[in-house]
Amino acid sequence: MEAVLELFKNFQFLLIGAWETLKLTAFSVGIGLILGTFIGMGRLSKIKLINYPCTAYVEFLRGTPLLVQISIIYFGLPQLGIQLAPYPAAITALGLNSGAYIAEIVRAGIQSIPKGQYEAARSLGLTHWQSMRYVILPQAFRNILPALGNEFITLTKDSSLASVIGVSELMRAGQFVISRTFQTFSIYFGIAFIYFVMTFVISRLVRYVERRMATA
Amino acid sequence: MNKKKLLWIVALILITGMVSTVFCQTLTQIKQRGKLLVGTEPTFPPFEFVDEKNQVVGFDIDIANELAKRLGVKLEIVSLPFDSLIPALLQGKIDLIIAGMTITEERAKVVDFSKAYFEANQAIVVRKDGKFEPKKFEELVGKKVAVQLGTTGDLVVSDINGINVVRFQKFTDAFLELQNGRVDAVVLDEAPAKAYVKKFPKFVISAVVDTGETYGIAVKKGNKELLNFVNQTLDIIKSAGIYNKLLQKWFE
Amino acid sequence: MNDKDGNEIIIKIEDLVKKFGKLEVLKGVNMQVRRQETIVIIGPSGGGKSTLLRCINKLEHYQGGKIYLDGKDIDEYDVNQLRTRIGMVFQQFNLFPHMNVLQNLTLAPIKVKKIQEKEAVEKAKYLLNKVGLIDKIDAYPEQLSGGQKQRVAIARALMMDPEIMLFDEPTSALDPELVGEVLDVMKDLANSGMTMLVVTHEMGFAKEVADRIVFISNGVIEEEGKPEEILKNPQKPRTREFLRRIL
């Protein structure tokens, strides 16, 4: 009973943490989306000087744990003279990481568009970039929206790893509450509940946008 | 700009970058910056924790405030997991660590410690069913013992052969294991153990062991200037009676 | 550049060789296209007809030979500039499904030719009127029939004021009852003086509209001539064989 009471009493602190989690995720997805779009296109380039680094980027970031990447950015970069505060470090790491996953989604999205679309655009005199921007990417994004939604949800959960470098997101906020109230189970349950509500709302939002785009 | 020039500039940036992390923050630099960066893990009441106003408070934080006040700068708390504190200090993310950190030989190899500012005894906590009430660490041999990763409790039980040590990021998680019956005891510092047992009478402190271990404030190795300042300040607040007031405020 | 009869040559193809890996699809094609001429290219599938068209606007790279536009090697043109002068219509229409008809038409003129949107819209309306689809200006491609899609695709190509139009089997993907409306638009276009290269199996269209028929088989031009010559009195056995099967 006391456990439930403590959860309610401290719920506001969890909500503050949840807001931090949302901001962190949104920024990171934003960076990931921009990065992923360019790297995804780069992966399809026939020019080796573009293709190889993009492939290496994707392979490296997907092949190493996010926790390690966060630690490298926060604890490793000072060796090169780059001091990032926890919050920028977390956004950088999460953004770079999601960039790799989104790059693969974007690549698959571009490949799902029939070749004739690109040829038609080029035959009208549009450049490669114009064809991508006005013809291929808008169609690709419509196709990959569900996959991007999944990535958003994954990142929402993965952002809890930012707690290891002291970012006061939901997980860390919860730990603070636990250390004060000692109510381990009920607070962790509250944290799980809030994560669930967030990811559920995001998935509904994505589905809504998807449906709107389908009828457009 | 020609290539050679560019190369020099890149090299210069790299070198200054490395040098700046090698040299420590001098007192002058801290004063220029206007804030003292103190690393701590605020999940360790009553030394450091987040209160109902979402502020980091505690015995250690009050000491940190005394330090900042006497330097004439603002105090900025950098909250990090306990095992990240020393790396953060080494990388220049923080000026010093006040985190109920026990002075050990191992740690003293990589950081410099101030004088001891707190006597830390270790408490053995068990379930209050009277089935198992160890009085010494030796009685834990052959048992499963939960500790907080990287703490003194971790160090002392890990030193004894035959104890099955289970490590957790948070000591509250260690207690959850004890409650669930997956471990037989939790070993941690006396102060947080008392606070926890007071709140949850289903646990009991079966023994408080004087390990002769003490808490110290850590600064980057070789940062004599800051270390001297910390030691002087500790002397001053002890002789001025501030220290005793803080003890009363947080431990009674 | 003019031919011996004094007609202006707009496109000249010399010894064109195109390979896909080891497979030689065009084995040295020579051809001249006069301005305002309509050429219908026929021949068995896999013979290289479509590939020939796609080489002209550089959708395909070729390994040997030269193509000239207005007497200048097409490699010397900026590729995007070259393509604005050569319109192309595809078998699969390739309308942009995320844009409505008007946007399909105005995208390239606005982005490539940098003309004002207002001007582009006026022009789009004019061309949609010509192809009989002004009432579909706000429709999306999925709301159109195959024949309507292809008419929009023709209008889209015409938006760039091309000097030459390439048609790559424009009616092959259409239901039989929709073929006529597309061919009518193409006829009007030919009659208005557009230079056209049409790959098609529609012999009626070839007979009625073509100035010349070119028969391509196995990567070479087997035979070419006026429609009545080729269709009624083919000289080569392969041409005879092909026409016998198709007619």
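Located above this text is the structure these notes cover.
Quick notes on the rules
- Residues numbered from 1 in each chain as written.
- Chains lettered and ligands numbered in written order.
- Predicted model: local features only at pLDDT ≥ 70, side-chain atom pairs only at ≥ 80, totals over all residues.
- Heavy atoms only, no water.
- Contact = heavy atoms within 4.5 Å.
- Buried area = accessible area lost by both parts, 1.4 Å probe.
- Salt bridge = Lys/Arg side-chain N within 4 Å of Asp/Glu carboxyl O.
- Polar contact = N/O pair within 3.5 Å; in protein donor to acceptor, adjacent residues only side chain to side chain.
- Helix = DSSP H or I, 4+ residues; strand = E, 2+ residues; numbered from the N terminus.
- Nonpolar A, V, L, I, M, F, W, Y, C, P; charged D, E, K, R; others polar.
- 1 Å grid on protein atoms, 1.4 Å probe; cavity = no way out; pocket = protein on both sides within 12 Å on 5 of 7 lines; lining within 4 Å.
- Points joined across faces, edges and corners; volume = space filled by probe spheres on them.
- Phe/Tyr/Trp six-rings, centres within 6.5 Å; stacked < 30°, edge-to-face > 60°.
- Buried < 20%, exposed > 50% of the residue type's maximum accessible area, 1.4 Å probe, protein only.
- Lys NZ or Arg CZ within 6 Å of the ring centre and 35° of its normal.

Novice: Hey, could you run me through the interface of chain A and chain C in this one?
Specialist: Where interface size is given, it is often the accessible area lost as the parts come together that is meant. Counting residues at the interface gives 18 residues for chain A, matched by 24 residues for chain C. The junction of chain A with chain C conceals about 1800 Å² of combined surface from both sides, 59% of it contributed by carbon and sulfur atoms. Contact with chain C buries surface across chain A, with Ser123, Leu124 and Tyr134 of chain A losing the most and accounting together for 33% of the total. In this structure, the salt-bridge partner of Glu119 of chain A is Arg54 of chain C, at a minimum N-O distance of 2.5 Å. Taken together, the connections running from chain A to chain C amount to seven residue pairs in polar contact (both at pLDDT 80 or more). Counting residues per element, the ones that place at least two in the side of chain A that touches chain C are α6 (115-123) and α7 (128-158) of chain A. The leading source of residues in the side of chain A that touches chain C is α6 of chain A, at eight residues. Across the side of chain A that touches chain C, the residue classes tally to seven nonpolar, seven polar and four charged.

Novice: Just checking my understanding: could you explain the side chain of Ser123 of chain A for this structure?
Specialist: For Ser123 of chain A, the location among the structural elements is in helix α6. Filtering out sequence-adjacent residues up to four positions away, Ser123 of chain A remains in contact with Asn57, Arg83, Ile86, Met88 and Phe90 of chain C.

Novice: What's the story with the layout of surface pockets in this structure? I'm lost.
Specialist: The method is simple in principle: a probe with the dimensions of a water molecule rolls over the atoms, and the space it marks as empty is what remains. Empty space within the largest pocket amounts to approximately 1000 Å³. Looking at the largest pocket, it is lined by 27 residues, and the ones nearest its centre are Leu44, Lys46, Tyr118, Arg122 and His128 of chain A. Of all the elements in the fold, those that place two or more residues in the lining of the largest pocket are α2 (11-43), α5 (86-111), α6 and α7 of chain A together with α2 (79-85) of chain C. Residue classes in the lining of the largest pocket are distributed as 14 nonpolar, five polar and eight charged. Estimated volume of the second largest pocket: approximately 640 Å³. The wall of the second largest pocket is formed by 26 residues, among which Pro46, Ala191, Ala195, Trp250 and Phe251 of chain B lie closest to the centre. When residues of the lining of the second largest pocket are traced back to their parent elements, those giving at least two are α1 (2-9) and α8 (170-181) of chain A together with β8 (118-127), α8 (190-199) and α10 (242-251) of chain B. For the lining of the second largest pocket, the class distribution of residues is eleven nonpolar, three polar and twelve charged.

Novice: Would you mind going over the packing of aromatic side chains with me for this structure?
Specialist: For any pair of aromatic rings, the description consists of the separation of the ring centres together with the inter-plane angle of the planes. Summed over the entire model, instances satisfying the criterion amount to 27 aromatic pairs over all chains. Plain terms: the ring middles of Phe59 of chain B and Phe118 of chain B are 5.7 Å apart, the flat faces sit at 65° to each other, and that makes the pair edge-to-face. Taken as a pair, Phe59 of chain B in helix α3 (residues 59-71) and Phe118 of chain B in strand β8 lie far apart in primary sequence, 59 residues in all. Assessed through its relative accessible area of 14%, Phe118 of chain B is described here as buried. With centroids separated by 6.1 Å and ring planes inclined at 80°, the aromatic side chains of Phe171 of chain B and Phe175 of chain B adopt a geometry described as edge-to-face. On the criterion of helical spacing, the pair formed by Phe171 of chain B and Phe175 of chain B is a turn pair, its members being four residues apart in helix α7 (residues 171-179). Summarising the burial analysis for this pair, Phe171 of chain B and Phe175 of chain B share the class buried. Across from the ring centre of Phe13 of chain A, 5.0 Å away, lies the NZ or CZ of Arg180 of chain A, which sits over that ring. The ring of Phe96 of chain C is capped by Arg156 of chain C, whose NZ or CZ atom sits 4.4 Å from the centre of that ring.

Novice: It is not clear to me how the environment of Glu202 of chain C should be interpreted in this structure. Could you clarify?
Specialist: All names here are of chain C. Structurally, the position occupied by Glu202 is in the loop between β8 (195-199) and α7 (203-209). The exposure class assigned to Glu202 is partly exposed, which follows from its relative accessible area of 27%. In this structure, the C-alpha to C-alpha distance between Glu202 and Gln91, residues 111 residues apart in sequence, is 13 Å. Sequence-distant contacts of Glu202, that is, excluding residues within four places in its chain, are made with Thr171, Val179 and Leu183.

Novice: Help me understand the interface of chain B and chain A in this model?
Specialist: In this complex, chain B contributes 32 residues to the contact, which on the side of chain A involves 27 residues. Interface of chain B and chain A: buried area, both sides summed, is about 2600 Å²; carbon and sulfur atoms make up 58% of it. Broken down residue by residue, the surface that chain B buries against chain A is led by Gln91, Lys93 and Lys199 of chain B, which jointly contribute 23%. Counting the contacts that link chain B with chain A gives two salt bridges.

Novice: Even after reading the chapter, I still don't get empty space enclosed by the protein, so can you show me in this structure?
Specialist: Inspection of the entire model under this criterion finds three cavities of 30 Å³ or more. The space that makes up the largest cavity amounts to roughly 130 Å³. Grouping the amino acids of the lining of the largest cavity by side-chain chemistry returns six nonpolar, five polar and three charged.

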